[in-house]
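Analysis of the macromolecular model
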Amino acid sequence: MSLEVSQKISVEKIAKSKIDQVDFNELPFGQIYSDHMLVCDYEDGKWQLPKIVPYQNISLDPSAKIFHYGQSVFEGMKAYKDEQDDIWLFRPLDNQKRLNISAKRLAMPELPESYFMEGLEALLLLEKDWIPTTKNSSLYIRPFIFASGNGFHASPSDKYKFIIACSPSGPYFGGELKVLIEQKYSRSANGGVGYAKAGGNYAGQFYPTNLAIQKGYHQVIWTDDTTHENIEEAGAMNIFIRIGDTLITAPTSDRILDGITRKSIIKIAKDQGIAVEIRNISVHEIVEAHNNGILKEMFGAGTAAVISPIDAFGYQDKDYMLPKMEDSYANKLKKQITDIQYNKSEDKFGWRYGVK
Ligand SMILES: *Cc1c(COP(=O)(O)O)cnc(C)c1O
């Protein structure tokens, strides 16, 4: 860790840790929070020095712009602990850069790299004991920026808060995943904010997702907003489709989040000699492949769930089952990416980042 900012980060420690109350063998996802958080305020036109304080409520004026105009962006990352108790992050600078890409789109101030990285590392070193070592668990990290300035005027805030909170977490999904290919609603549009990790993108997804849940599905597969013919994302994950032995995923665009898991999977798959095509893929092509018996797999990819195999999809009032595969690409790629993340294999792409 460089010492540009970290020496100046003030630390207020919690009086008594809550860690004894946590059962690390039964961790839910994102519902338990560690003892401390990092807070950094944007005021007077610049980011002030970050502070580490006990995890606590935030007090805001009812006119705070976050409540009215939704200026809010976030990231999702994980910290992993290996058998030597060393702490690892996975491509954290990509999260740092993407947070700023999102912030810029929402007219929010970008955060210097040193504030993000040194703040994160200082927090993780303090919260070291909160990083689970139980299988399939990790410390989920949620960095976010929101508008904390006041006023009902519809204009960007003059004050913001950057916070990093941590949550020791188990797996994101359990059980089977049945998805509905969306034919009416859209997650994002050309010229919009779909490529940003903006809170409002999720708010807009909940209603159509609830409608799908009422019909017996778990998630929505987003299609393009103009024709609803091309497959774009799986809920809050990028999507991969295997036809024959070729893995296909949509190209990133204004409408699609440039996922770090997605681009890592593309790299690993190609390295393994798997044919990967980055191109538009239509519902029609998928249904036809299914009818011809060559649709082998569909899976979602993202930090929280890593890889989530899809068991079935619904389209125009009909359900299509995917075959159960012994040696699926999903299982193989999931093992390879998590082995890198947990420091169980060689890191030939230089993705691991040690926190010391
Ligand atoms: C966060 C997110 C992803 C996955 O990105 P990762 O960097 O792999 O975690 C995919 N789609 C959407 C809409 C997201 O918000």
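For every chain, the first residue of the written sequence is number 1, and numbering continues from 1 onward in sequence order. With the structure being a predicted model, the display of local features is reserved for residues of pLDDT at least 70 and the display and counting of side-chain atom pairs for 80 or more, all residues being used for whole-chain, interface and lining totals. In computing side-chain properties, one takes all heavy atoms of the structure into account and sets aside hydrogens as well as water.

The next thing to look at is unusual backbone geometry. Here Asp85, not a glycine, exhibits a phi torsion of approximately 65°, which is positive. Residue placement: Asp85 occurs in the loop between β6 (77-81) and β7 (87-90). Even without a glycine there, the phi angle at Val306 is positive, about 60°. A run of H or I in DSSP becomes a helix once it reaches four residues, and a run of E becomes a strand once it reaches two; helices and strands are each numbered from the N terminus. With respect to the element layout, Val306 can be found in strand β17 (residues 306-309).

Next up on the list: empty space enclosed by the protein. Cavities and pockets were defined on a 1 Å grid built from protein atoms only: a cavity is a group of points that admits a 1.4 Å probe but offers it no way out, a pocket is an open group of points flanked by protein on both sides within 12 Å along at least five of seven lines, and a lining residue is one with an atom within 4 Å of any such point. Grid points are joined across faces, edges and corners, and a volume is the space filled by probe spheres set on the points. All chains considered together, the criterion is met by 1 cavity of 30 Å³ or more. In this model, the largest cavity occupies a volume close to 120 Å³. Forming the walls of the largest cavity are Gly76, Met77, Lys78, Tyr80, Phe90, Asn95, Ile260, Thr261, Gly302, Thr303, Val306 and Gln341. The set of elements that each furnish at least two residues to the lining of the largest cavity consists of β6 and α5 (260-271). When the residues that make up the lining of the largest cavity are grouped by side-chain class, the tally is 5 nonpolar, 6 polar and 1 charged. The residue makeup of the lining of the largest cavity includes at least three contributed by each of domain 1 (3-169) and domain 2 (178-340). Gly falls in the polar group here, along with every residue not listed as nonpolar (Ala, Val, Leu, Ile, Met, Phe, Trp, Tyr, Cys, Pro) or charged (Asp, Glu, Lys, Arg). For each domain, the first and last residues come from an automatic or database assignment.

Now for the side chain of Glu297. Structurally, the position occupied by Glu297 is in strand β16 (residues 295-302). For Glu297, the side chain forms a polar contact with the main-chain nitrogen of Tyr329, separated by 2.6 Å. Note on contacts: a residue pair qualifies if any of its non-hydrogen atoms lie within 4.5 Å across the two residues. Leaving out residues up to four positions away in the same chain, Glu297 has contacts with Phe240, Ile241, Arg242, Leu322, Met325, Ser328, Tyr329 and Ala330. Whenever two N or O atoms come within 3.5 Å, that pair is a polar contact, provided that in protein one can donate a hydrogen and the other can accept it, and provided that, for residues adjacent in sequence, both atoms are side-chain atoms.

This brings us to the domain arrangement of the protein chain. The domains assigned to the protein chain are domain 1 (3-169) and domain 2 (178-340). Computed over C-alpha atoms only, the centres of domain 1 and domain 2 are separated by 28 Å. Taken together, the contacts link 18 residues of domain 1 with 20 residues of domain 2. Buried area adds together the accessible area that both of two parts lose upon being put together, with accessible area traced by a 1.4 Å probe. Taken together, the two surfaces of domain 1 and domain 2 that pack against each other cover about 1,500 Å², and 62% of this comes from carbon and sulfur. Any Lys or Arg side-chain nitrogen found within 4 Å of a carboxyl oxygen on Asp or Glu counts as a salt bridge. Our enumeration of links across domain 1 and domain 2 arrives at 1 salt bridge.

Below, the discussion takes up helix α7 (residues 329-341). In this scheme, a helix's expected span is set at 1.5 Å multiplied by one less than its residue total. End to end, α7 covers 18 Å across 13 residues, agreeing with the expected 18 Å (1.5 Å per residue, within 8%). Partly exposed describes any residue whose relative accessible area lies between the buried limit of under 20% and the exposed limit of over 50%, with all areas from a 1.4 Å probe on protein chains only and scaled to the type maximum. Residues Tyr329, Ala330, Leu333, Ile337, Thr338, Asp339, Ile340 and Gln341 constitute the buried set of α7. The first or second residue beyond α7 is Asn343, which carries a positive phi of 60°.

This next bit is on the side chain of Ser264. Secondary-structure assignment places Ser264 in helix α5. The contact partners of Ser264, leaving out residues within four places of it in the chain, are Phe90, Arg91, Ile337 and Trp351.

As a rule, the C-alpha atoms of each element are fitted with a line to give its axis, helices using only the stretch in contact, and angles between N-to-C directions run from 0 to 180 degrees. At a minimum axis distance of 10 Å, the contact between α5 and α7 shows a crossing angle of 110°. Judged by the inter-axis angle, α5 sits roughly perpendicular to α7. Listed contacts from α7 to Thr261, Ser264, Ile265, Ile268 and Ala269 of α5 are Leu333, Gln336, Ile337 and Ile340. A class-by-class count of the residues in the contact of α5 with α7 yields 6 nonpolar, 3 polar and no charged. Our angle categories are set so that under 35 degrees counts as roughly parallel, over 145 as roughly antiparallel, 65 to 115 as roughly perpendicular, and the remainder as oblique.

Moving on, we come to the pairing of strand β4 (residues 51-54). In terms of strand pairing, strand β1 (residues 10-11) meets β4 through 2 bridges, oriented parallel. Counterpart to Val11 in the pairing with β4 is Ile52. When DSSP locates at least two bridges between a pair of strands, those strands are taken to pair. Where strand β2 (residues 36-43) and β4 come together, 4 bridges link them in antiparallel fashion. Paired with Leu38 across the strands is Ile52, a residue of β4.

Tallying each qualifying case throughout the model produces 16 salt bridges. Close ionic contact of Asp319 with Lys178 constitutes a salt bridge, the shortest N to O distance being 3.3 Å. Of this pair, Asp319 sits in strand β19 (residues 318-321) while Lys178 sits in strand β10 (residues 178-181), placing them 141 residues apart in sequence. A residue is classified by how much of its surface remains accessible, and Asp319, at 37% relative accessible area, is partly exposed. Sharing partners across several salt bridges, the network here consists of Arg242, Asp245, Lys296 and Glu297.

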